[in-house]
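Below are the chains, spelled out letter by letter.
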Amino acid sequence: MAIEQTAQTARVPKNFRTVITAAAGGNVIEWYDFYIFGSLATILSVKFFEKSHPVAALLSTIALFTAGFLVRPLGALLFGWMGDRVGRKYTFILTLVGMALGTGAIGLIPTFEQIGLSAAIILFCLRMLQGLCLGGSYGGAITYVAEHVPEERRGYYTSWLQTSPTLGIVLSLVVIIAVRSYFGETVFNDWAWRIPFLFSFLLVFITLYMRANFEESPVYEEIKAKGKTSKNPWREAFLNPANLKYVVIATIVVLGEGVVWYSSQFWPLFYLQTVSKVDTLSSSFIVGIGLVIGTPSLIFFGWLSDKIGRKPVILGGFFLAALTYFPLFTWLGAATQPGHINYPIAILIIAILVCYVGMVYGPIGAFLAEFFPGRIRYTAVSMPYMIGNGWGGGLVPFITTAAFTATGSLAYALIYPIAVPVVCLVLSLFLMPETRHMKIWGADAA
C-alpha cells in the first residue's frame, strides 16, 4: 500500500496547485460570462423585447437565459468527445474562447428599437454559443484538475474549482455595481449596461495567458501512451449498458445538486428584484456579500468529503435545502420590504443558502471524476452534469419566477426547488455509491 502511494505521489505534477489556480481562475471568467446575462435580465428584457408587455418581456429574457442551459448537453457531447479523443488541454481552451466571444458580442448588439425582432434573434444565437461552450467547459475543468491531484485529497482540491461558478456570479455583480455606480442609473440603463459584456473581451486575454502553459493531463497522457484512449467515447459511455447505468445514476445526483445550486444562489437575485421589488444595486449587494461569506463552505465540504465520504455530505445538503427553503425565503421576504431592508439578516440568509450549495457542490466534482473511467471521463462527466445541472438546475429561474408571477404564492414558486431534492435524496440513498476510495491513477486510469 505504501509503495503504491509513493508511486502515485511521484506521478502527481509538482505544479498541480498552479494548475488548480489557473483552471479555477479561468472558470470564474467563464461563469462570469454566462451569468452576466442573468444578472442583467431585467435590463435586457426592455432592450431586446417589446416594452409594452414588461412581464412577458422579462419572462422571454429568462426563457433565453434558460435556453442557454438547455443546449448545454449538446456542448457536452461535442466537447466531451473532443476531450477524450484529442485531449483535455486544447478542448479546455477552445471552450473558453468561444464563451468569451459569445458574451462580449452581446455588448455590441443593436437594440429592439434599432433593428426590431432581429435583436432578439441575434441575442438567442449568442446565448446558444454560450451554452454550447459552457457545456464542454465543466467536464474539461473537473477532469483536468482531478487528473492532477493526489488521490486522498481529491475532494479538497477539486472543491477549489467548484468555487468558480459562485465567484463568477460575484464578479458579475461587482462589475455591474461598479459600472452602475460610476455612470449612474440613467446612463447605465441607456447604454453603459453594455460594458459588463464588453469586459469579457479583456477577460479572455487574461485567461488565455493563465492557461497558455498548461500541459496535458498526466492521467490522459498515460492512457494515450498505452493506446487505451476510446475510439468512440459516445458509444462507450451511452450505449454500453454498464456505463449507461452509471450515467443515469450520476444524472440523478447532479439533478438534485443543480436545483439546490440555482435555488440557493441564483434565484434569490430574481426573488429580491421581482418579488421583494429591491432595486438592482441593493439586491446585487445583498447577494454578492452573501455569496462571498458562504463560498468557503464549498472548500470545507470538499475537504469533509475526503474524511467521511461524498455521499453523506451531498445527501445532507439535499435534506437541509428541502427542509428549510420555505422558511428561509419567507424570512428573506420579510427582511427586504421596500424601504425597510434589513441588510445583515438578508445577507445572513443568502450565506446560509450558499452553505447548502457547499454541501452538494463542493464534493460533486470529485464524485464524478471517480465515478467514470479515464478513457471516457470527459464525455461521461460532462453529460450528467449538463443534463442534471443545466436542465434541472437551469430551469429553476424560469419555473420559480413563472409560478410566482402566475399565482403570487411563494409556496407554489418553491414546489420545484423543494420536490426535486426530495426525490433525488430518496433515489440516491439506494443508487448512489460511495466513491471516496476509488483510484484514477495508474492501472485504474483507463
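Everything below is about the structure shown above.
If you're wondering where the values come from, they're calculated on a predicted model, not measured in any experiment.

Let us now look at the nonpolar core. Core analysis: the biggest nonpolar cluster contains 89 residues, and W267, F329, Y361, I364 and L368 have the highest contact counts within it. Within the second largest apolar cluster, 24 residues are counted, among which are F37, F48, V175 and W193.

Counting through the fold element by element, L323 comes out in helix α18 (residues 310-335). Its relative accessible area of 53% is what places L323 among the exposed residues. For the pair L323 and T435, spaced 112 residues apart in sequence, the C-alpha to C-alpha distance is 26 Å.

Helix length check: helix α8 (residues 117-146), at 30 residues, gives a terminal C-alpha distance of 44 Å against a target of 44 Å (1.5 Å per residue), a fit within 8%. Most of α8 sits out of view: 22 of its 30 residues are buried.

Right, let's talk about the packing of helix α17 (residues 296-308) against helix α19 (residues 343-361) for a bit. Direction vectors running N to C along α17 and α19 enclose 35°, while the axes themselves pass 8 Å from each other. Here the hand of the crossing between α17 and α19 comes out right-handed. Seen from α17, the contacting residues are S297, L298 and F301; seen from α19, they are V354, C355, G358, M359 and Y361. Among the residues forming the contact of α17 with α19, the class breakdown is 6 nonpolar, 2 polar and no charged.

With that settled, consider the packing of aromatic side chains. Here the structure, examined in full by the defined rule, presents 23 aromatic pairs. Here Y262 and F266 contribute two aromatic rings whose centre-to-centre distance is 6.5 Å and whose plane-to-plane angle is 70°, an arrangement assigned as edge-to-face. Y262 sits in the buried class, given a relative accessible area of 0%. By relative accessible area, F266 is classed as buried at 1%. Of the aromatic side chains, those joined through ring pairs into one cluster are W261, Y262, F266, F270, Y361 and Y385.

Criteria and thresholds
Residues numbered from 1 in each chain as written. Predicted model: local features only at pLDDT ≥ 70, side-chain atom pairs only at ≥ 80, totals over all residues. Heavy atoms only, no water. Core = buried A, V, L, I, M, F, W, Y, C linked by side-chain atoms within 4.5 Å. Buried < 20%, exposed > 50% of the residue type's maximum accessible area, 1.4 Å probe, protein only. Helix = DSSP H or I, 4+ residues; strand = E, 2+ residues; numbered from the N terminus. Expected span 1.5 Å × (residues − 1). Axes fitted to C-alpha atoms, helices over the stretch in contact; angles between N-to-C directions. Left-handed = near helix turned anticlockwise from the far one by under 90°. Contact = heavy atoms within 4.5 Å. Nonpolar A, V, L, I, M, F, W, Y, C, P; charged D, E, K, R; others polar. Phe/Tyr/Trp six-rings, centres within 6.5 Å; stacked < 30°, edge-to-face > 60°.

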